[in-house]
Structures are given as C-alpha cells and as structure tokens.
Amino acid sequence: MTLRAKFCVIGTGAGGGMLAYRLAMAGEHVLVINSGSLPEQSEFQNEMSPEQQGHFGIRQNTRFPAKAEISLTHPLVANTADKSSTPAGRGEFDHCQIHHVNGLQNLWNGVCLRYSEDDFANRNSYNKECEWPIAYTDLAPHYAAVETLAHVIGEHDRLNQFPDGSFLPPRGQRYPDRVFLDGNAKLFGPDLFCLATRKAVDLRAESAQQCVSCGSCNRGCRSGSVYKFSTHLLPQIQNRQNFRLLNHARVTKIAHSAVSDDSGSFSVSEIVAIDEQSGDVISIQADVVILCTGAIESPRIILNSLSPERTEQVGLYLQDSPRTAVATSLFRLWFKPLTADKGYGDHVMLGGHINAQGRPVQFVGQFYWSTYAQIPYYLTELQSMPHFLRETIARQIYKSTVALMFFAPAIPRRENRVVLAKSVDRFAQRLVQIQYEMAEREIEYTLMLAALARKMLRNASGYVANLIPSPPGTGVHYVGTCRMAPNADRGVVDKNLKVFGATNLYVCDGSVVPALNEKHPSLTIMALAHRLGEHLVETYR
C-alpha cells in the first residue's frame, strides 16, 4: 500500500495529537500514523472507586503485596518483548511505553504547568549543553491556546515559579486538604507555598465529559474528563476530508536522499511502515514528516534510519524526573464522616525550593487523597488482629490514606542515553538499550524532599510515613534525546524543531525538551506542537 500526504505526523501523544489537530484545522492535508489501536473508554478505570462501591478494595479472598512500589501498570503498557522498544526486563531504567493512540497520555494525571521565564532563560541551568534556544514569550500564546483546548483548571497566583495561564475555575479544598494545610501552616512562606492544582480535567457543568470525581485520573479516565487527543481533539477533525488516522502502522524506517547541492543536507523521500495486523509493508510519501513518538521511540527510529555521522547527538542526555513519594494514614481523618467523592485526586500542589550544595533547587509537590495511594498493602500487617477489629481498622486506614509526591529537576548527563541494541523486535528492527544512572545530586534532592514529605505528613497527624520506592524511569517524564539547540554541535533540532541537516524532517515530542526542570513537561510539549503547527502552515504554503 502506498499513501501520499502533505504532512505526515507519526504518533498521537502530547505532541503528535496537538500538532495533527492544529494542521487539520488549518485545512492542511494530514496523514497521522500510529501503532496500536484507538483505545475504548471501557478499557480504563471504573468510574466508581472501591470506596464508592462500598467494599474499600477489601474482599474475602483478596491478597495484596507486602511492599509498595510506584510503577505504571495497565494492559495498554508495552511491557513485554513483543511490544516494547527496549529488550525485556527492567534493567537500570524502568521504561514505560504505550503503543496506542494517545500514547502515555492514556494514563497521565493531567497536571499542566508552564515553564517559567527563568526556565527558558536558562537561569536554573545544570548543563550548558542542554539549554533552551527560545524564550518564554515565544511559547506564551501557545500555552494559552493549549490550556483553552485542554480545559485546564487553576487559579491566578502571581508566582514566578508557576506562570499564570488561561484557566477554568478549580474545585475547592476537601477536608483532608484542609487537615494537611492546617497542620503545616507554620511551614509556609517564600520557600514553601501551596496553590490549587493546575490540571487538564473537564469540570464544566454542561460537558458530557464532566469529571465524575472518582479520584483515579492517573489510571485512565473512563469518562473522558482528563485531556487526551482521542476524546478532546480527534472528534473535531476525524470526519474532515483533509485528515486521516491510520492505526496499527509501526514505522520501521525513514528513507532519505541527499539534496543536490553543496549543503550536505538530506530530504526524507519515504516512510516505511509495517501493518501490525497483516504484516504488509506500507509506503508513505509526504512533503513534510514529523516524528512525535516520544523520547525513546523517536531516537530509535532515527538511529535505525540515518547514518552514524548524522546521528552523533541523537539519543544523548536522556532525562527523567527525580521524584519521591511518601504515603500515610492521617489519624485526624479516622471515624470522620468523609464523603467518598475524591474529586480529581490532587486538589493541592506545593512549590518552593530546598537548599542543596549552596544553591536553591526548586521543586513541585502534589498532595493526593485519592485511589492513587490506597492499595491496602497494610493488610498484611493486620493479619494477627481479630477479624472484627481488622476490618474496622482497615476501613479507617483506607479512607484516611494520603500521599505526598515531590518532583525535583533532572541533571542532564551525556552518559544517560538511548543506543541501538543488538536484539530486534518482531518487525526485524533493532531495539534500543537505555543507559541510565541517577546523578548524586538527584539522589540528594530526593532524600531531602522525602524528609520534607515525612515531616509535613506527620504534622498533619500521619502516624507512619512510608517511602514508596521510585526507581529511574518511573517519573515517566522522558525528555532530552533529540534536544533543541542553537546549532548541530549542541543538539538534534533547531528552534523550530527541524532536524539539523534535514529539509523536511521535524521532531515534536518530549525528546526535543533540552532540560527537565521540576515541572511536568506535557503542557510544554503540547505548546511546542501548537507553535510548530503555526510554523509549518506558514512555511509550507
């Protein structure tokens, strides 16, 4: 099968979905290809939490693990050798990947934070090789447009660390939020402050996708309230004559040829993909090709397609958010008539900085009262109690369980990289090996933030504050492997996301973000995609 399009967008995650929408709405002929299928909403978390259903996750024959650990588990996750882009086994980096429409946004929590002027001005830089070549003003109008499209909620707080945006009103604080904030009132000041969560969740009363308050945003939103391409943007463009979405198409190679001049440039001539269901080869010819497959898969495709002299910078400086999570039960919530309405899980965020090695290090925190931290691992410790007492205590612990998660900036290291592996996938394409080690400073940040989390939860009446292990890769904020840069010696793409040396190849996903600060990168990726869409329409009229 041979297909033809003006623009070919590969992938539909945070970058690809927004870019496809932007181009299609501008009237451009867009072909979007994506591996996997379009997930049904029924594949995600039930709208009723275990507490709302009355059984609290505690059944007669239920067995629970004895140790908590943060990991992203769902049938959509590519965690087997025949699905993943990396060899089987966890290794040194717990890589998470979803080869379906929406990508990782199928399970994202929806947090949307703008990078600040200081971030774009590289005032918090940890590596001169990983710095932004654009300013905050270049992205500000695109942040606003994306916030409107995604129905981002928040308040205008006038904080330098968290620039204000185009927000819809959030919901108010719940009783557990007030218990947490009141218990820590003496700690708040310039170095530690709270704000309403900024999140892409539809709270509009008139919306058919209005939040149902199950508190399970990060497990996939069955009601479609949390933003993702398939529920928010695809319905607006799927019936347009200038748009086509081709699923179950796995890109294996980007064929290219040298430009007939002395520039040394190359041009993409063909995209080769495999039909995942039939095994047939699909040939795609497009005027412009945009890779949007994520910070692991995009470098994999490029490394499998281009010569080594064109890929010297590809795959370097892989970054993920150093994070720490602490969970506990708050005594002040025991035997309180709490509603089972969890809202959208994390109504309160924290910001500020810690002092490490003589410099201020910014962080962002999320306070959860939701099903996120309510897998009852503690039942193992209650087995010796009488049954009637065990059930009473278990229910009180369950409804009072909260968690505090902190994110710190990543330290860009050239040694953290994506390289081609010797093994191949079922389509005979080489997999990639992830080489990754946390920097000593990152470990220091997580330990300091874990101590702060324990202190804050104990102030709020937490009796045991258990640290939940967060191995490398579980932050799922992968960036840096095709980083933006002022020239080819310092990166892979220019300020307009075009691959250096290419005439018609662009990258638009987390891989282009040069430096990962404490903030979640999804909103910035979506804003970059919105900006790129505008640039492509103007450039290729």
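Everything below is about the structure shown above.
The next thing to look at is empty space enclosed by the protein. Under the criterion given, the structure shown has three cavities of 30 Å³ or more. In this structure, the largest cavity encloses a volume near 70 Å³. Residue lining of the largest cavity: 14 residues in total, with Cys211, Val212, Cys214, Cys217 and Cys221 positioned closest to the centre. Tallied by class, residues from the lining of the largest cavity come to eight nonpolar, six polar and no charged. Empty space within the second largest cavity amounts to approximately 60 Å³. Every residue lining the second largest cavity is listed: Arg250, Val251, Thr252, Glu297, Arg300, Ile301, Asn304, Asp425 and Gln429. When contributions to the lining of the second largest cavity are tallied by element, the ones reaching two or more residues are strand S7 (249-258) and helix H8 (294-305). A per-element tally of the lining of the second largest cavity places H8 first, with four residues. Across the lining of the second largest cavity, the residue classes break down as two nonpolar, three polar and four charged.

Further remarks concern helix H9 (residues 387-400). Helix length check: H9, at 14 residues, gives a terminal C-alpha distance of 20 Å against a target of 20 Å (1.5 Å per residue), a fit within 8%. Residues of H9 that are buried: Ile393, Ala394, Gln396, Ile397, Tyr398, Lys399 and Ser400.

One non-glycine residue, Ala428, lies in positive phi territory at about 65 degrees. Even without being a glycine, Leu497 presents a positive backbone phi close to 70 degrees. Here Leu497 is to be found in the loop between strand S16 (466-468) and strand S17 (505-507). Given a relative accessible area of 2%, Leu497 falls into the buried group.

Before going further, it helps to spend a moment on the pattern of salt bridges. Overall, the coordinates contain 17 salt bridges when judged by the stated rule. Put simply, Arg198 and Asp164 hold a salt bridge, and the shortest N to O gap is 3.1 Å. Taken together, the positions of Arg198 in the loop between strand S4 (192-196) and strand S5 (199-200) and Asp164 in the loop between strand S3 (152-153) and helix H5 (175-183) put the pair 34 residues apart, joining distant regions of the chain. In this structure Arg198 comes out as buried when scored by relative accessible area, which is 1%. Here Asp164 falls in the partly exposed class, since its relative accessible area comes to 22%. In this structure, Arg300 and Glu297 form a salt bridge, with 3.3 Å as the shortest nitrogen-oxygen distance. Residue Arg300 and its partner Glu297 are located together in helix H8, separated by three residues, close to a single helical turn.

Attention now moves to the side chain of Ser370. Within the fold, Ser370 resides in the loop between strand S12 (359-368) and H9. Taking the relative accessible area as the measure of exposure, Ser370 reaches 2% and is therefore buried. Sequence-distant contacts of Ser370, defined by excluding residues within four places in its chain, comprise Gly215, Lys342 and Gly345.

Put simply, helix H4 (residues 136-149) and helix H11 (residues 522-539) touch, their axes get as near as 8 Å, and they point 110 degrees apart. By the angle between their axes, H4 is roughly perpendicular relative to H11. For the pair H4 and H11, the contacting residues are Asp138, Leu139, His142, Tyr143, Ala145, Val146, Glu147 and Leu149 in the first and Leu523, Thr524, Met526, Ala527, Leu528, His530, Arg531 and Glu534 in the second. Its residues assigned to classes, the contact of H4 with H11 shows nine nonpolar, three polar and four charged.

Quick notes on the rules
- Residues numbered from 1 in each chain as written.
- Predicted model: local features only at pLDDT ≥ 70, side-chain atom pairs only at ≥ 80, totals over all residues.
- Heavy atoms only, no water.
- 1 Å grid on protein atoms, 1.4 Å probe; cavity = no way out; pocket = protein on both sides within 12 Å on 5 of 7 lines; lining within 4 Å.
- Points joined across faces, edges and corners; volume = space filled by probe spheres on them.
- Nonpolar A, V, L, I, M, F, W, Y, C, P; charged D, E, K, R; others polar.
- Helix = DSSP H or I, 4+ residues; strand = E, 2+ residues; numbered from the N terminus.
- Expected span 1.5 Å × (residues − 1).
- Buried < 20%, exposed > 50% of the residue type's maximum accessible area, 1.4 Å probe, protein only.
- Salt bridge = Lys/Arg side-chain N within 4 Å of Asp/Glu carboxyl O.
- Contact = heavy atoms within 4.5 Å.
- Axes fitted to C-alpha atoms, helices over the stretch in contact; angles between N-to-C directions.
- Parallel < 35°, antiparallel > 145°, perpendicular 65-115°, else oblique.

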